[in-house]
Amino acid sequence: MAITDKTRKILWARSGNCCAICRQSLVIEATPFDVESIVGEECHIISGQENGPRNDPTYPKKLIDSYDNLILLCSVHHKMIDDQWETYTIDLLRQ
């Protein structure tokens, strides 16, 4: 399954186009020479991968790509929460 367009739109709208941790804008404005750049990443709180960060084999597979299991982050904080998954727990990320 994949994140639906509706879920993606809700995630971006409710986040205000900002990283949930640093609150930096996740859309870089266009320049006179280039178009806008999207630097946000749609991240799973509970991983759907068997060895993924914060994987919970009891979590229903059909909910992996649901809004309640997603968080919008910049690439730095996405890497940080996935590498430091024991610090960035499911409960902490849901706050």
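Use the structure listed above.
Cut-off values and rules
- Residues numbered from 1 in each chain as written.
- Predicted model: local features only at pLDDT ≥ 70, side-chain atom pairs only at ≥ 80, totals over all residues.
- Heavy atoms only, no water.
- Phe/Tyr/Trp six-rings, centres within 6.5 Å; stacked < 30°, edge-to-face > 60°.
- Lys NZ or Arg CZ within 6 Å of the ring centre and 35° of its normal.
- Helix = DSSP H or I, 4+ residues; strand = E, 2+ residues; numbered from the N terminus.
- Buried < 20%, exposed > 50% of the residue type's maximum accessible area, 1.4 Å probe, protein only.
- Polar contact = N/O pair within 3.5 Å; in protein donor to acceptor, adjacent residues only side chain to side chain.
- Contact = heavy atoms within 4.5 Å.
- Arc of directions from axis to C-beta.
- Core = buried A, V, L, I, M, F, W, Y, C linked by side-chain atoms within 4.5 Å.

Caption draft 1: Geometry of the packing of aromatic side chains. Going through the model one piece at a time under the given rule, you end up with 0 aromatic pairs. The residue whose ring lies beneath Arg14 is Tyr67, and the NZ or CZ to ring-centre distance is 5.0 Å.

Caption draft 2: Region of interest: unusual backbone geometry. Phi at Asn17 is positive, roughly 60°, even though this residue is not glycine. As for its position among the elements, Asn17 is in the loop between α1 (5–15) and β1 (27–28). By relative accessible area, Asn17 is classed as partly exposed at 34%. A positive phi angle is found at Arg54, which is not glycine, with a value near 60°. Under the relative-accessibility criterion, Arg54 is labelled buried at 6%.

Caption draft 3: Quick peek at the side chain of Asn69. You can see Asn69 is positioned in the loop between β3 (40–44) and β4 (70–74). Classification of Asn69 as buried rests on a relative accessible area of 0%. At 2.8 Å, the side chain of Asn69 forms a polar contact with the backbone oxygen of Ile64. Here Asn69 is in contact with Cys43, His44, Ile45, Ile46, Tyr59, Leu63, Ile64 and Arg94, once residues within four sequence places are set aside.

Caption draft 4: Geometry of helix α2 (residues 75–83). Among all positions of α2, only His77, His78 and Ile81 are buried. The arc that holds the buried residues of α2, viewed along the axis, is 105°, so those residues lie on one side. When the buried face of α2 is taken as reference, the exposed residues oriented beyond 90 degrees from it are Val76 and Lys79. Buried residues in α2 make contact with β3, β4 and α3 (90–94).

Caption draft 5: Representation of the nonpolar core. Leu26, Ile71, Leu73 and Leu93 are the most contacted members of the largest nonpolar core, which has 18 residues in total. Contributions of two or more residues to this core are made by α1 and β4. In terms of residue count, the dominant contributor to this core is β4 (5 residues). If near-sequence neighbours (up to four positions away) are discounted, Leu73 is found in contact with Cys19, Ala20, Ile21, Leu26, Val39, Gly40, Glu41, Cys43, His78 and Ile81.

Caption draft 6: Broad picture of the environment of Lys62. Tracing the chain through its elements places Lys62 in the loop between β3 and β4. In this structure Lys62 comes out as exposed when scored by relative accessible area, which is 62%. Between the C-alpha atom of Lys62 and that of Arg94, which follows or precedes it by 32 residues, the distance is 18 Å.

Caption draft 7: Expanded view of the environment of Ile3. Here Ile3 lies in the segment before α1. The spacing of Ile3 and Ser66 is 63 residues in sequence and 7.0 Å in space, taken between C-alpha atoms. Those residues in contact with Ile3, other than ones at most four positions away along the chain, are Arg8, Glu42, Asp65 and Leu70.

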